[in-house]
Amino acid sequence: MTNLPGIPRWQTAVQSFKMVKDPIPYLNHFLKEKGPTVQLYLGGLYKMILTADPDFIQHILQKNNKVYRKSEVHFDKIQYFLGKGLLTSEGPYWLKQRRLIQPGFHKKRLQDILALMNKVVDDFLNQLDRQIQSNPEVDFYEKMLEATFRIIANSIFGKDLEAGELERLSTNITRLQAFIIRQIRQPYFNQWFKISGQVKAHTALKEDADGILRMYIEERRNDKGAHSDLLQMLMEARYEDTGEGMSDEQLIDECKILFLAGHDTSSNALAWTWYLLSQHPTILQKVREEVSLEIGEEAISFEKIMKLEYTQQVLEESMRLYPPAWTTNRVAAADDEFKGIKIKKGTTFATYIYGVHHSPDLWEDPESFRPERFSKEEKKKHHPFAFIPFGGGPRLCIGNNFALMEMKLILARMVGRYDFDLVENQDIKALPLITLRPENGIRIMLRRR
Ligand code: HEM
């Protein structure tokens, strides 16, 4: 198809177990051997181009984005269980939804949402204080997941969900996500999943989650009070052409997608950041100094959040080393060409974010943790696609500013309150599923300062 370096099919087939077990070192090995763009057969089966070349990724995601679509192989499974929302739609429907939803993430809305976030964090920290009195060892991966799930739930509904419902929603979405990954990674079991009743069992989980969301949507339709949360924004938004709003089914789908996209990513980024800070006391100290200078421990205003420049650099450097969305994919919808490489319609791409972020061609000493790389002056020197934790082009993450605000808030409110020591002899390992998560958690001994 092209004049690209390739990995022979037999080699990827023989080594497919390595790819399933530990994909990152496996893919990095190819890039090191062959250069930033290679052709390979995923699992010996699916032909694809893996690229960590920022020019090529910019071409696909931004400059020539009209030619590329998200891979539909996954869409039917994700849509069946988690709905057709922004993240999982394409073409004119996606564009219509993006235009409708984008204003909900503008600065003014985020300012209102910050008040909701502060309340969740108050409550979360009080609970954490009680918990560490009896057991100071905390798995930060789990804790951050809990915090970010409550934050997204509050940002959507403007209040805490009933405890039982929050728990059910969180468990159902996590289990559906895990089931979708199994269906995608082991397509040969799909018939078995049906026969063994697993599809039916997961459909029941989906219906349960939809039922909870439907109830809150109905409640809001009958509530004439003023609200400034994401649900209100979704319900008030009107399509330009018809002047109509979204149906309940569309609202349920968009809410599910916001839950899904809006908590697993931020929680992973936060968990990795705590890990890195626990290993770099001088950097932790600098974050503490910035926070105590700019704010204190109490609720934080939007203006003050914006002043936390070093804290943001720490988060950015953490997402460079551990990008929560470690890869994305696209398919060419028409023939195309990039720097003399002929691309046939139907070619699948893995735009390998982890590879770009760790490239020695783009980053000096790429494995070391140096937040200063993201200072204003240094940032200007980066290739525009050398740092892409939120993707790029028109499908750039809609929640990027929401996520940065939420993560800065959590860091700022915790650094001064606690001392953190990583529990010794842990096997800290990155597990790349849809997001890059710490496989065995990140256990930290926590003490009030
Ligand atoms: C650290 C946190 C986050 C990271 C690293 C992240 C990463 C990403 C990436 C890489 C994409 C693009 C995927 C692609 O092009 O294939 C994306 C899309 C998206 N993200 Fe995020 N995300 C984060 C937080 C959030 C939050 C908090 C929300 C919602 C509140 C959110 C909602 C979405 C949505 C709806 C899309 C689809 C946008 C579209 O296609 O128009 N994300 N995210």
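Everything below is about the structure printed above this text.
Rules used throughout
- Residues numbered from 1 in each chain as written.
- Predicted model: local features only at pLDDT ≥ 70, side-chain atom pairs only at ≥ 80, totals over all residues.
- Heavy atoms only, no water.
- Helix = DSSP H or I, 4+ residues; strand = E, 2+ residues; numbered from the N terminus.
- Rg over C-alpha atoms; globule rule 2.2 N^0.38 Å.
- Buried < 20%, exposed > 50% of the residue type's maximum accessible area, 1.4 Å probe, protein only.
- Contact = heavy atoms within 4.5 Å.
- Near = heavy atom within 4 Å.
- Polar contact = N/O pair within 3.5 Å; in protein donor to acceptor, adjacent residues only side chain to side chain.
- Nonpolar A, V, L, I, M, F, W, Y, C, P; charged D, E, K, R; others polar.
- Axes fitted to C-alpha atoms, helices over the stretch in contact; angles between N-to-C directions.
- Left-handed = near helix turned anticlockwise from the far one by under 90°.
- Pairing = 2+ DSSP bridges.
- Donors = N, O, S within 2.8 Å, 3.2 Å for Na, K, Ca; no water.
- Parallel < 35°, antiparallel > 145°, perpendicular 65-115°, else oblique.

Regarding its fold elements, the protein chain presents 19 helices and 12 strands. Its C-alpha radius of gyration of 22 Å places the protein chain within 12% of the 22 Å reference for a compact globule of 449 residues. Taking the principal axes of the C-alpha coordinates as reference, the protein chain spans close to 60 × 55 × 45 Å. In the protein chain, buried positions account for 53% of the 449 residues. Counting only contacts in the protein chain whose residues sit at least 6 apart along the sequence, the fraction spanning at least 24 positions is 73%.

Turning to the site of the ligand, a few remarks are in order. Lining the immediate surroundings of the ligand are 26 residues, of which W94, R98, R330, R395 and C397 lie closest. Here an oxygen atom of the ligand and a side-chain polar atom of K70 are 3.4 Å apart. The contact in question runs from an oxygen atom of the ligand to an N or O atom on the side chain of R98, over 2.7 Å. Going through the elements one at a time, helix 6 (91–101), helix 13 (248–279), strand 5 (328–332) and helix 19 (400–415) are the ones with two or more residues in the shell around the ligand. The greatest single-element share of the shell around the ligand, amounting to 4 residues, is contributed by helix 13. Its residues assigned to classes, the shell around the ligand shows 16 nonpolar, 6 polar and 4 charged.

Viewed as axis vectors pointing N to C, helix 7 (residues 107–134) and helix 19 meet at an angle of 35°, and their least axial separation amounts to 10 Å. For helix 7 against helix 19, the interelement crossing comes out right-handed. Seen from helix 7, the contacting residues are L110, I113, L114, M117, N118, V121, D122, F124, L125 and L128; seen from helix 19, they are N401, F402, M405, E406, L409, I410, R413 and M414. Looking at the contact of helix 7 with helix 19, its residues break down into 13 nonpolar, 2 polar and 3 charged.

This brings us to the sheet that holds strand 4 (residues 137–139). Ordered in space as 4-12-9, the 3 strands form an open sheet in which the pairing is antiparallel. In the strand order of this sheet, the two ends are held by strand 4 and strand 9 (418–422), each with one partner. On average, each strand axis in the sheet is tilted by 40° relative to the strand beside it, whichever way the strands run. Relative to strand 12 (residues 443–448), strand 9 is paired through 5 bridges, and the arrangement is antiparallel. Counterpart to D419 in the pairing with strand 12 is R447. Where helix 8 (residues 140–157) meets the sheet, it contacts strand 4, strand 9 and strand 12, and its direction lies at approximately 60° from that of strand 4.

Attention now moves to the coordination of the iron atom of the ligand. The protein gives the iron atom of the ligand a lone donor atom, C397 (SG), placed 2.3 Å from the metal. With respect to the helices and strands, the residue C397 is situated in the loop between helix 18 (376–381) and helix 19.

What follows is about the side chain of Q313. Inspection of the secondary structure puts Q313 in helix 16 (residues 309–321). Accessibility expressed as a relative area gives 10% for Q313, which makes it buried. With residues near it in sequence (within four places) discarded, Q313 still touches P371, E372, F374 and S375.

Below, the discussion takes up the side chain of N118. With respect to the helices and strands, N118 occurs in helix 7. You can call N118 buried: its relative accessible area is 6%. Not counting residues within four places of it along the chain, the set of residues in contact with N118 comprises A299, I300, L409 and R413.

All right, on to the environment of I113 then. Considering the arrangement of structural elements, one finds I113 in helix 7. Judged by relative accessible area, which is 1%, I113 ranks as buried. Considering only alpha carbons, one finds I113 and M405, 292 residues apart in sequence, at a separation of 9.8 Å. Discounting chain neighbours no more than four positions away, the residues touching I113 are S155, S228, L230, F402 and M405.

Let us look at the sheet that holds strand 2 (residues 46–51). Taken in spatial order, the 5 strands line up as 1-2-8-5-3 in an open sheet, and their pairing is mixed. Across the chains shown, the open sheet's two edge strands, defined by having one partner strand only, are strand 1 (37–42) and strand 3 (68–69). Both strand 1 and strand 2 contribute to a ladder of 6 bridges, which runs antiparallel. Pairing of V38 across the sheet is with L50, part of strand 2. Each of strand 1 and strand 2 touches helix 3 (residues 23–34); the most contacted strand, strand 1, lies at about 140° to it. Against the sheet, helix 4 (residues 54–63) makes contact with strand 1, strand 2, strand 3, strand 5 and strand 8 (348–351), and its axis sits at roughly 120° relative to strand 8, the strand it touches most.

Mapping I442 onto the fold places it in the loop between strand 11 (436–438) and strand 12. Expressed as a C-alpha distance, the spacing of I442 and T88, which sit 354 residues apart in the sequence, is 30 Å. Every residue in contact with I442, bar those within four places of it in the chain, is listed here: V138, D139, F140, Y141, A271, W272, Y275, L422, Q426 and I428.

All right, on to the packing of helix 16 against helix 19 then. Contact geometry for helix 16 and helix 19: axes closest at 10 Å, N-to-C directions at 115°. In terms of orientation, helix 16 lies roughly perpendicular with respect to helix 19. Here the hand of the crossing between helix 16 and helix 19 comes out right-handed. Contacts between helix 16 and helix 19 pair T311, Q312, L315 and M319 from the former with L404, M407, K408 and L411 from the latter. Looking at the contact of helix 16 with helix 19, its residues break down into 5 nonpolar, 2 polar and 1 charged.

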